[in-house]
Every structure is written in structure tokens, then in C-alpha cells.
There are 4 protein chains.
Amino acid sequence: MSPRTTAQNAVIRQQSQRKIMDAAFSLIAKNGYEATSIAMIASQAGVSKGLLYNYFDSKEDLVKQLVYSIIEIGDDNIGQIESLDPKEAMSMIFNWFFTEIREKADHWRLLTALTMNIERFDFVHEIVIAKMQEYVSLLEKLLAELGYDDPLGEARVIAALFDGIGLQALIAREDYYLNDLEQFMLNKYCK
Amino acid sequence: MSPRTTAQNAVIRQQSQRKIMDAAFSLIAKNGYEATSIAMIASQAGVSKGLLYNYFDSKEDLVKQLVYSIIEIGDDNIGQIESLDPKEAMSMIFNWFFTEIREKADHWRLLTALTMNIERFDFVHEIVIAKMQEYVSLLEKLLAELGYDDPLGEARVIAALFDGIGLQALIAREDYYLNDLEQFMLNKYCK
Amino acid sequence: MSPRTTAQNAVIRQQSQRKIMDAAFSLIAKNGYEATSIAMIASQAGVSKGLLYNYFDSKEDLVKQLVYSIIEIGDDNIGQIESLDPKEAMSMIFNWFFTEIREKADHWRLLTALTMNIERFDFVHEIVIAKMQEYVSLLEKLLAELGYDDPLGEARVIAALFDGIGLQALIAREDYYLNDLEQFMLNKYCK
Amino acid sequence: MSPRTTAQNAVIRQQSQRKIMDAAFSLIAKNGYEATSIAMIASQAGVSKGLLYNYFDSKEDLVKQLVYSIIEIGDDNIGQIESLDPKEAMSMIFNWFFTEIREKADHWRLLTALTMNIERFDFVHEIVIAKMQEYVSLLEKLLAELGYDDPLGEARVIAALFDGIGLQALIAREDYYLNDLEQFMLNKYCK
DNA sequence: TATGAATGAGACTTCATTCAT
DNA sequence: TATGAATGAAGTCTCATTCAT
């Protein structure tokens, strides 16, 4: 019997990696990094502990790859926005944000949880801060075009608001008044 | 050696408990729950590990008591505010908030970090949500008195803003533009 | 009930350390470093695995302390020899060596085994080489005084002989002809 | 694709086995038995881990076969020597020994290292002792013919010397005075 | 014959907790 | 009240070995 082909192996490898990363993602998002053990991840992924180390150098490495895969997904949004007229752009940003919060709550949860762990995962920290800066700049530009008195101050407030809403949504879950907040903000900034 | 009186013992007990909780607080706020060991706490408190278990049933119990003690400290502020005129009250709340962020960053850090660990410390979760609700109600009342159109919506925004600013201040540390934000908000809501 | 006194604790600590080091010593001398697990050491010492780490930072640290304790024991012999007349001195060195081989075979075994592990325990390596050099120098001096043609060459031969006999004794155990060799060498060099 | 003939298969088998044993040899000689993993051996041999288990029952079995193959290589030397005149024979043995030490240091290293692991590889132990005995007998015969007083004692000394020099050469590496020792011994025993 | 993904026992180590004193 | 030596469960990670292909 001949051995598996390279292509077959590639498929198998990718499937296993996917299973492990999915398990790691949901568990860490729910319980945090320290409270999630390799044994739990392997068990939820339906593989042996050992296999995990075929694909990731360490628990830390697994989390890093997890973060990178999440970040990549969210990356291409800003470019599209720059060309729109300011009001539409604002409205699009808000829409994007609330959609994100609703549909990818776990991404936020994971990143927020890891950001707290500054000592160990300062690269997440760096990334998150950089992202935030980027959004503040974009908002500032739009708000200036819309004629606001203090566009930078206002942009910072909106950025803080995003973080706060994200955090609250994370904590409150089910019954959080996301819709109300969204309406309120659209009225305030995009009317 | 005459035995200690009951009163003396009570004093000793309280001092030891205080030392332990202070040590636990500063260590956990800095390094997180999982990264802080009982040995570290006992060592920094200057007591033995054994003694710690005279006063607290477990590490988890110690953290619970810690959280309760922090929450209590912050509790008596709301009462004083109710009697003021709305503008002063708003201004006082903002002032209280920014002072809190500046001077008790560690309290925030601890609570936020624990809140992430929902599975294990869901009581923190409950408390934090209840507090938030309380503040939203107070703000709503004040904003209504100040004639805002949608006082509830606005109150929720402010509450989210507080959380967001708190989170960002936590993450960004040194160079965060707290002063600018404070001025901006005072201008906006208390002028 | 009052806690143990410092002195009591010191005794307890020393006893436990002794038990652990003795167990580690005999097991590693017999099986080698890699083939001896912490679990085996703890079990033979009659303590828990955890206790071992109260006294030693790591398995490697345990071995280092083991080696240092062995080396210290053997250290004070050379000084006493220098003052004797050459023949007596030679005889004393031989006597010391054969006694050592006979009575502390396990010391030799441990050091030889670790010396093989150059990558990990190069400090043993260094120590062993330095010791060897020291002995060669001493022997050279004595042989020169005894009128040998090539005292350095002869000293090197004797040093190699010591190592060879040590190694063979290690390997052959029970039935090795140590006595015969001792007689032969005393006749040859100290007559 | 016509199936391979039995003969072709035999060739392939032997080549693969050779590659594996060569890799195992160089790695274990360098790093020791425990520090050399099956994965390393397979990788250096350019075959899969699975294939290795087609030819060897276990890691231990691989090492055994390795040792046997090394021993066999060294085996045919003694026969040739018996017919020479004693002085030439002695000189030849010495020459053979020093050549061995110089050019096949890795063989020595491997055997010595394994010999230390008596528990696990006692067969190496047995073999080495038997060899040693054989050489002692041969030397004794030659030394008797050369008229030495105590040929057995002298033979044992030479055997021990060989072991000692081998060990020291192993430990000291680069700067060891092999040449000096060789000259010294040739002068002493073959002049 | 040959591959390498997968397993699982076992290695070292940490740490909350207990208990004799 | 107070100590700290001792425990043991659980954590991360390694690696010889198996097996479907």
C-alpha cells in the first residue's frame, strides 16, 4: 500500500489544525488563557494532547497563531471606506462596528482577554493599540470634514465609546441594548 | 506569658487579614489571578502560607473578599450626589470618575481582569452589571432634569464611555490623553 | 501549639535534603542521569515529587549540588602529601587512589557518567580535567625527585592508568583484580 | 510498474538499514542515547520514522545491532597478530590502538557511553569485558616471550592504560598529548 | 517498501492546600 | 495565633511507537 500523497497529507494537516484552533479559540474566549489547559483543548478538538504539538510549538505559539488568524480576517475594511462621502463613511463605520460586536463577539472577547495579559502577550497589546490609533485618525478626518469643532476630541470619544460598548456587550451578553445604542449614535453623528 | 484577650486577638486578626488582602490586591492587579500564587501573596504580606488559610478558605475565597472590599469602598458616593443640582451633580460624577481612573487604576484593572473570567468569578460579573445599571439610572435622571431629548440613550452612552475610557486607560497606560477627554466631556455635558 | 523553631526546621530540612541527595546519588550512579526520573528519586527517598522542588530548583540543579558535595569531600588530600619524602608520597598517592576506588566506587561512577554528558554538565568536565592536571603535576614533581628520565611522560602514564583502572573497576565490579594491580604498581614505582 | 525482484528488495533493505544505522551511530556517539530521538535518526538518515520500525523492533534493538556491527568491524585484528615476532606484535598492537583512538574516537565514545548504562545495555558490558580479557591474554603471552618478570601484571597494566588513555582522549579532545604517550610507550615496551 | 499523522504514557515542574508542631 | 515542611493533583511538553494509506 502506498503512503498518502503530499496533497492528502496537506488536507489532513489542515483539518487537524483547524479543529485544534477552533477548540482553542472557543475555550480561551470563554475561560481565558490560563484557565484553558492543553488537555481541554485537545479533548474538545477530539485529538490527543500530543498531536497539538505536531502543529504548534507551545501553548503560547498556538495562541499567537490564533490571534494572527483573527486579525487577518478583520483587516481589509478601512481601505474601502476612504473613498466614500463623510456621512456615508461614518455610517458605514458604525454599521461595521455594531455588526462586528454582534456577530464576532468571541473575537472581541479573545482579544480583550489577551490584551489584559500584557506581560505575556504584549504583541496583542501593540496590535490593538495600533488599530485603535488608526481608527481615531480616520474618524478625526471624517469629523473634520463634517465640520465638528474639535474633531480629534470627538474622535477619541467615539473610539472610547466603541471600546466601552464592546466591553459591555461582552459582559452583559444576551440582554444588552445594542440596537438602542446603535440608533442613538446614528442619529447623533450621521443624521 | 498571659494569654491574649479576646479584644487583642480581634485586632491581630484584622491586621493580618488586612496585610494579606493588600498584598493579594497589588499582586493580582499587577499580574493577574492565575499568575499570582499563594506563596507570593503570603511572602509579600509577610506572613506564612498557613496563616492565610486561617482567614480565607481558599484562593478563590480570598479574591471574593477582596472584590467585596473594593466595591464597598466605592459605594458611598452615589448617596451624596442625589441632593445636588443636576449640573453640579453631573460635574461631580465626571470628576469622581476621572479621579477614580487616575488614582485607583488598580481597582479597575482588578475588576476588569476578573470580569473576563466569567466562568470562575461570575459574581464579579453580576456586581459590575448591577453597578452599571445604577449609574445609568442616576445619569438618566440628571439628564432628564437637564432637558435632554433621550436621557436614557444619552445615559447609556455615557456609561459605555466610562467603561471604554477605563479600558483604554488600562491598556494604554502612561501616555493616554485622559485630561483632554475630561475637558471635552465637561464642556459637552456640564457647560 | 507553637510552630516549630528555626532549629527544628533546619534539622528537618537537612534530613530531607540528605534523603533526596542520597537517593539521587545511588540511582544516577547506577542508571545514569537521563534514565533516572524525578519520580524514581522521590520514591526511593520516600518523599513526594513536590518536596524535591522545595530544595532544588530543578533536576539539573540537584545533580550539580550532588557533584559539588562529592568533590568537596575529596578535596583536602593533596595538601598533606606535599611535605612527605618522594617515595612515601608516591606510596601515599597510590594508596589513596586504590582506597578511593574500592570504597567510593559510586563517586567515580557518577562523575564518569556525568563527564560523558559533556553538553549538559560541562562543569563536571572542567573540574575533572583540572583535577587530572593537578595530579599529573604533583606526580611529575615526585618522579623528577626520584630521578626518572622523563618524569612528565611517566606522570601522564600513571594518570592514564588511574583513569583506566577506575574505569575498569567500574565496569567489572566484584571480581576485578585491584589488589594485584596495586601490588604491581607499588613494586614498580615505590620500591 | 513491474514489482521488484527479491534480489532488488534485499539490496534496498540493506541500503536503508545502513543509512539508518549510520545516522544512529553518529548521533548517539555525539549526543548520547537518551538525547537522540528516533525522529532525529530518521531525519538524518533521510527516511521516515515508520520505515525505521520495519527494520528494527525498537530504539533499543537498533542500538544493539549498532553495537554488534561496530564490534564485528574491530574483530579480525587479533588473528593477524599471532604469527608475528613478539616485539613486532607488541608494536603493532600499540600502533593499532593509537590509530583506533585517533580515527575511530566515535566508536570508543559510543561504547563507553553505553557501557555506563549498565542496567539497560548490560550486553555491551559483557562484550567489552570479554574483549578486554582477550587482549590481556594476548599481551601476557607476548610479554612472557619478551622475558618480563610478571607478564600477567604487566599485561593488566597495559590494558588499563589503554582504557585510561581512551577515556582521557575522549574527555580532553583536541589538545590531548596522544603522540607523546605513544612515543613513551613504544620506547618502554618495544625498544 | 514507505510515509507521517496520530497516540498515550510518562517526563519535569508548579502550586493550592494540609497538618504537625 | 502562627509556621513552613510536605503532599499530590494537574499542567506543559516529549517521544517511542502504531497504523491507515
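These figures come from a predicted structure and were not determined experimentally.

Description of the overall build of chain A
No. 1: A tally of helices and strands in chain A yields 10 helices and 0 strands.
No. 2: Pairs at least 24 residues apart make up 65% of the contacts formed inside chain A by residues separated by at least 6 positions.
No. 3: Element-wise, carbon and sulfur atoms account for 49% of the exposed surface of chain A, whose accessible area totals about 9600 Å².

Let's talk about the interface of chain A and chain B
No. 1: Contact residues are listed per partner, giving 39 residues for chain A and 38 residues for chain B.
No. 2: Of the roughly 3400 Å² buried at the junction of chain A and chain B (both faces included), carbon and sulfur atoms supply 66%.
No. 3: When the buried area of chain A at its contact with chain B is split by residue, Met116, Arg156 and Ile171 of chain A rank highest and sum to 20% of it.
No. 4: At the boundary of chain A and chain B, one finds 4 salt bridges.
No. 5: A salt bridge links Lys188 of chain B to Glu154 of chain A, with the shortest nitrogen-to-oxygen separation between them at 3.0 Å.
No. 6: Here chain A is connected to chain B by 9 residue pairs in polar contact (both at pLDDT 80 or more).
No. 7: Of all the secondary structure elements, the ones that give two or more residues to the side of chain A that touches chain B are helix H1 (6–31), helix H7 (105–116), helix H8 (122–145), helix H9 (151–172) and helix H10 (178–190) of chain A.
No. 8: Classifying every residue of the side of chain A that touches chain B gives 21 nonpolar, 7 polar and 11 charged.

Thoughts on the packing of aromatic side chains
No. 1: Throughout the structure, instances matching the rule amount to 44 aromatic pairs over all chains.
No. 2: Measuring from ring centre to ring centre gives 5.3 Å for Trp96 of chain A and Tyr135 of chain A, while their planes differ by 10 degrees; the resulting arrangement is stacked. One end of the pair, Trp96 of chain A, is in helix H6 (residues 86–103); the other, Tyr135 of chain A, is in helix H8, with 39 residues separating them in the sequence.
No. 3: By relative accessible area, which is 15% here, Tyr135 of chain A ends up buried.
No. 4: Through a chain of ring-to-ring contacts, three or more aromatic side chains come together here, namely Phe94, Phe97, Phe98, Trp108, Tyr148, Phe162 and Tyr189 of chain A.
No. 5: A cation over an aromatic ring shows up here: Lys59 of chain C above the ring of Tyr33 of chain C, its NZ or CZ 4.4 Å from the ring centre.

Observations concerning the protein's contact with DNA strand F
No. 1: Close contacts around DNA strand F come from 46 residues, with Tyr53 and Lys59 of chain A, Arg13 and Tyr55 of chain C together with Ile38 of chain D the closest.
No. 2: The sugar-phosphate share of atoms of DNA strand F within 4 Å of the protein amounts to 61%.
No. 3: One of the backbone N or O atoms of Ser48 of chain B is found 3.1 Å from a phosphate oxygen in DNA strand F.
No. 4: The residue inventory of the surface near DNA strand F, partitioned by class, reads 16 nonpolar, 19 polar and 11 charged.

Things to note about the protein's contact with DNA strand E
No. 1: Close to DNA strand E lie 47 residues; Arg13 and Tyr55 of chain A, Ile38 of chain B together with Ile38 and Tyr53 of chain C are nearest.
No. 2: When atoms of DNA strand E within 4 Å of the protein are sorted by moiety, sugar and phosphate together comprise 61%.
No. 3: Ile38 of chain B places a polar main-chain atom, nitrogen or oxygen, 2.6 Å from a phosphate oxygen of DNA strand E.
No. 4: At 2.8 Å from a phosphate oxygen of DNA strand E is found a side-chain nitrogen or oxygen belonging to Tyr55 of chain D.

Section: the relation of the copies chain A and chain B
No. 1: Once chain A has been moved 0.1 Å along the axis and rotated by 176 degrees, it coincides with chain B to within an RMSD of 0.9 Å. In symmetry terms, the pair is related by a two-fold rotation axis. Within chain A, Gly164 of chain A has its C-alpha nearest the rotation axis, a separation of 2.0 Å.
No. 2: In this assembly the copies share their binding face: 95% of the residues contributing to the interface of chain A also contribute to that of chain B.

A few points about the relation of the copies chain C and chain D
No. 1: Overlay of chain C on chain D (RMSD 0.8 Å): rotation 175 degrees, translation along the axis 0.2 Å.
No. 2: Of the interface residues in chain C, 92% have counterparts in chain D that sit at the interface too, so the contact is made through matching surfaces.

Describing the side chain of Ser16 of chain D
All names here are of chain D.
No. 1: Within the element layout of this structure, Ser16 appears in helix H1 (residues 6–31).
No. 2: For Ser16, a relative accessible area of 9% corresponds to the buried category.
No. 3: Excluding anything up to four places from it in sequence, Ser16 contacts Leu51 and Tyr55.

With respect to the interface of chain C and chain D
No. 1: Contacts between the two partners involve 40 residues from chain C and, on the opposite side, 38 residues from chain D.
No. 2: Sorting the residues of chain C by area buried against chain D places Met116, Arg156 and Ile171 of chain C first, and these three jointly supply 20% of that buried surface.
No. 3: At the boundary of chain C with chain D, the tally comes to 4 salt bridges.
No. 4: Applying the counting criterion to the chain C and chain D interface returns 9 residue pairs in polar contact (both at pLDDT 80 or more).
No. 5: Elements supplying a minimum of two residues to the side of chain C that touches chain D: helix H1 (6–31), helix H7 (105–116), helix H8 (122–145), helix H9 (151–172) and helix H10 (178–190) of chain C.
No. 6: A per-element tally of the side of chain C that touches chain D places H9 of chain C first, with 15 residues.
No. 7: Residue classes in the side of chain C that touches chain D are distributed as 21 nonpolar, 8 polar and 11 charged.

Regarding helix H7 (residues 105–116) of chain D
All names here are of chain D.
No. 1: Relative to the 16 Å expected for 12 residues at 1.5 Å per residue, H7 spans 17 Å between its end C-alpha atoms, a close match to the ideal helical length.
No. 2: Counted residue by residue, H7 has 9 buried out of 12 residues, so it is predominantly covered.
No. 3: Those residues of H7 that sit buried are His107, Trp108, Arg109, Leu110, Leu111, Thr112, Leu114, Thr115 and Met116.

Notes on the pattern of salt bridges
No. 1: Within the structure shown, the criterion is met by 24 salt bridges over all chains.
No. 2: Between Arg156 of chain C and Asp180 of chain D there is a salt bridge, and its shortest N-O distance comes to 2.9 Å. Here Arg156 of chain C is found in helix H9, whereas its partner Asp180 of chain D is found in helix H10 (residues 178–190) on a different chain.
No. 3: A salt bridge links Glu100 of chain D to Lys104 of chain D; its shortest N-O distance comes to 4.0 Å.
No. 4: When its relative accessible area of 32% is taken as the criterion, Lys104 of chain D is described as partly exposed.
No. 5: Beyond isolated ion pairs, a larger network of salt bridges with shared partners links Glu34, Glu60 and Arg120 of chain A.

Parameters at a glance
Residues numbered from 1 in each chain as written. Chains lettered and ligands numbered in written order. Predicted model: local features only at pLDDT ≥ 70, side-chain atom pairs only at ≥ 80, totals over all residues. Heavy atoms only, no water. Helix = DSSP H or I, 4+ residues; strand = E, 2+ residues; numbered from the N terminus. Contact = heavy atoms within 4.5 Å. Areas by Shrake-Rupley, 256 points an atom, 1.4 Å probe, with all protein chains shown as cover. Buried area = accessible area lost by both parts, 1.4 Å probe. Salt bridge = Lys/Arg side-chain N within 4 Å of Asp/Glu carboxyl O. Polar contact = N/O pair within 3.5 Å; in protein donor to acceptor, adjacent residues only side chain to side chain. Nonpolar A, V, L, I, M, F, W, Y, C, P; charged D, E, K, R; others polar. Phe/Tyr/Trp six-rings, centres within 6.5 Å; stacked < 30°, edge-to-face > 60°. Buried < 20%, exposed > 50% of the residue type's maximum accessible area, 1.4 Å probe, protein only. Lys NZ or Arg CZ within 6 Å of the ring centre and 35° of its normal. Near = heavy atom within 4 Å. Least-squares fit on C-alpha atoms with pLDDT ≥ 70 in both. Expected span 1.5 Å × (residues − 1).

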